[in-house]
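Residues per chain are reported as follows:
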Amino acid sequence: MKRNELVIPKEIWKNNYMSIARHYGGMKVKGRPYSIVNKNGITVAELSDPNSEHYNWNSKYAIEPGETQDLVFDELIPFYKKFGREKLLELLDEGKTIDLSNNMNYI
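Residues numbered from 1 in each chain as written. Predicted model: local features only at pLDDT ≥ 70, side-chain atom pairs only at ≥ 80, totals over all residues. Heavy atoms only, no water.

Details of the sheet that holds strand β1 (residues 7–8)
The four strands lie next to each other as β1-β4-β3-β2, forming an open sheet whose pairing is antiparallel. Only two strands of the sheet have a single neighbouring strand rather than two, namely β1 and β2 (26–29). (Pairing = 2+ DSSP bridges. Helix = DSSP H or I, 4+ residues; strand = E, 2+ residues; numbered from the N terminus.)

Put into structure tokens, the structure is as follows:
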């Protein structure tokens, strides 16, 4: 899959049919599950769950306005967390292949 099919920035998904994801924390695209994540790769579901270590008791928002909110292919979220947003996008732009079955390595 191409970069724009793996990591979809908020600027793209918020203004079309994908905006429904904001009500559910994610959605399926062509049968593939995607979740909204913050800049650290933490999903909205984790940020909204009071039992989660990532829950923010001091805010009424799961992700603060203005913070990065990407819609990410669920199988890629561990890579998003490991490498960070910018490095992951750089790897995808370089055409690196990410081996989902090989312990989070890239080729």
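Further notes follow.
A few points about the nonpolar core
Val7, Leu71, Leu76 and Leu88 are the most contacted members of the largest nonpolar core, which totals 26 residues. Contributing elements (two or more residues each) for this core: β1, β2, β3 (32–37), α4 (44–48), β4 (70–73), α5 (77–83) and α6 (85–93). Ignoring sequence-local partners within four residues, the contact set of Val7 consists of Asp70, Leu71, Val72, Leu76, Tyr80, Leu88, Leu89 and Leu92. (Core = buried A, V, L, I, M, F, W, Y, C linked by side-chain atoms within 4.5 Å. Buried < 20%, exposed > 50% of the residue type's maximum accessible area, 1.4 Å probe, protein only. Contact = heavy atoms within 4.5 Å.)

Quick look at α6
Of all the residues in α6, the buried ones are Arg85, Leu88, Leu89, Leu91 and Leu92. Axial view of α6: buried residues confined to an arc of 160°, hence all on one face. Every exposed residue of α6 that faces more than 90 degrees away from the buried side is listed here: Glu86 and Asp93. Gly95 occupies a position one or two residues after α6 and carries a positive phi of about 85°. (Arc of directions from axis to C-beta.)

Quick notes on the side chain of Ser35
Here Ser35 is to be found in strand β3. Dropping the residues within four chain positions of it, Ser35 is found in contact with Gly25, Gly26, Thr43, Asp70, Leu71, Val72, Asp74 and Ile77.

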